[in-house]
Amino acid sequence: NIRLIPEEAVQQQREAFAALLENLGQASATEARRALDEREEVAPEPELDPEVAARLRQRISDASTVTSD
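Bear in mind the structure is a predicted one, so any value in this text is a computation, not a measurement. (Residues numbered from 1 in each chain as written. Predicted model: local features only at pLDDT ≥ 70, side-chain atom pairs only at ≥ 80, totals over all residues. Heavy atoms only, no water.)

### Let's talk about the overall build of the protein chain
Selection rule: Strands are runs of DSSP state E lasting at least 2 residues, helices are runs of H or I lasting at least 4, and numbering of each runs from the N terminus. Values of the radius of gyration come from C-alpha atoms, whereas the globule rule sets the reference at 2.2 Å times the count of residues to the power 0.38. Residue exposure ignores everything except the shown protein chains as possible cover, and the areas themselves are Shrake-Rupley values with a 1.4 Å probe. Asp and Glu count as negative and Lys and Arg as positive, but His and the ends of the chain are not part of the count. For charged residues, the charge sits on one atom: NZ in Lys, CZ in Arg, CG in Asp, CD in Glu.
Counting its regular elements, the protein chain contains three helices and zero strands. Each helix (α) and strand (β) of the protein chain, taken in turn from the N terminus, gives the series α-α-α. Relative to its length of 69 residues, the protein chain is extended, with a C-alpha radius of gyration of 18 Å against a globular reference of 11 Å. Structurally, the protein chain occupies a C-alpha span of about 40 × 35 × 20 Å along its principal axes. If you sum the accessible surface of the protein chain, you get close to 6800 Å²; carbon and sulfur atoms cover 54% of it. Seen as two clouds, the 8 positive and the 15 negative side-chain charges of the protein chain have centres 3 Å apart.

### Focus on helix H1 (residues 7-24)
Just so we agree on the cut-off: Here a helix's expected span is defined as the number of its residues, less one, multiplied by 1.5 Å. Each residue gets one of three labels from its accessible area relative to the maximum for its type: buried under 20%, exposed over 50%, partly exposed in between, using a 1.4 Å probe on protein chains only.
Given a rise of 1.5 Å per residue, 18 residues ought to cover 26 Å, and the 26 Å separating the end C-alpha atoms of H1 matches this to within 8%. Within H1, only zero of the 18 residues are buried, which leaves it mostly out in the open. Looking one or two places after H1, you find Gly25, whose phi comes out positive at around 75°.

### Focus: the pattern of salt bridges
Going by this rule: For this document, the term salt bridge refers to a Lys or Arg side-chain nitrogen within 4 Å of an Asp or Glu carboxyl oxygen.
In total, this model carries three salt bridges according to the counting rule given. As a salt-bridge pair, Arg39 and Glu41 come within 3.7 Å of each other at their nearest N and O atoms. In this structure Glu41 comes out as exposed when scored by relative accessible area, which is 64%. Glu51 is the partner of Arg55 in a salt bridge, and the nearest nitrogen-oxygen pair spans 3.1 Å.

### Considering the environment of Pro46
As for its placement among the helices and strands, Pro46 is situated in the loop between helix H2 (29-38) and helix H3 (50-66). By relative accessible area, Pro46 is classed as exposed at 77%. Between the C-alpha atom of Pro46 and that of Val10, which follows or precedes it by 36 residues, the distance is 35 Å.

As structure tokens, then:
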């Protein structure tokens, strides 16, 4: 069942999202690292392929070492 959304509603959502991002600002690398360090570690979903999970962890790790304050 597909429901079409009027273009005006889509545009309003885009504008609201852009305003939210602007109000939130951008976290520094230190703030992002602190938030990641404080997050709860959970096991991957059983359907998630271990190889995909390992590649994702590596990409996150690589990205966190590239960005710094």
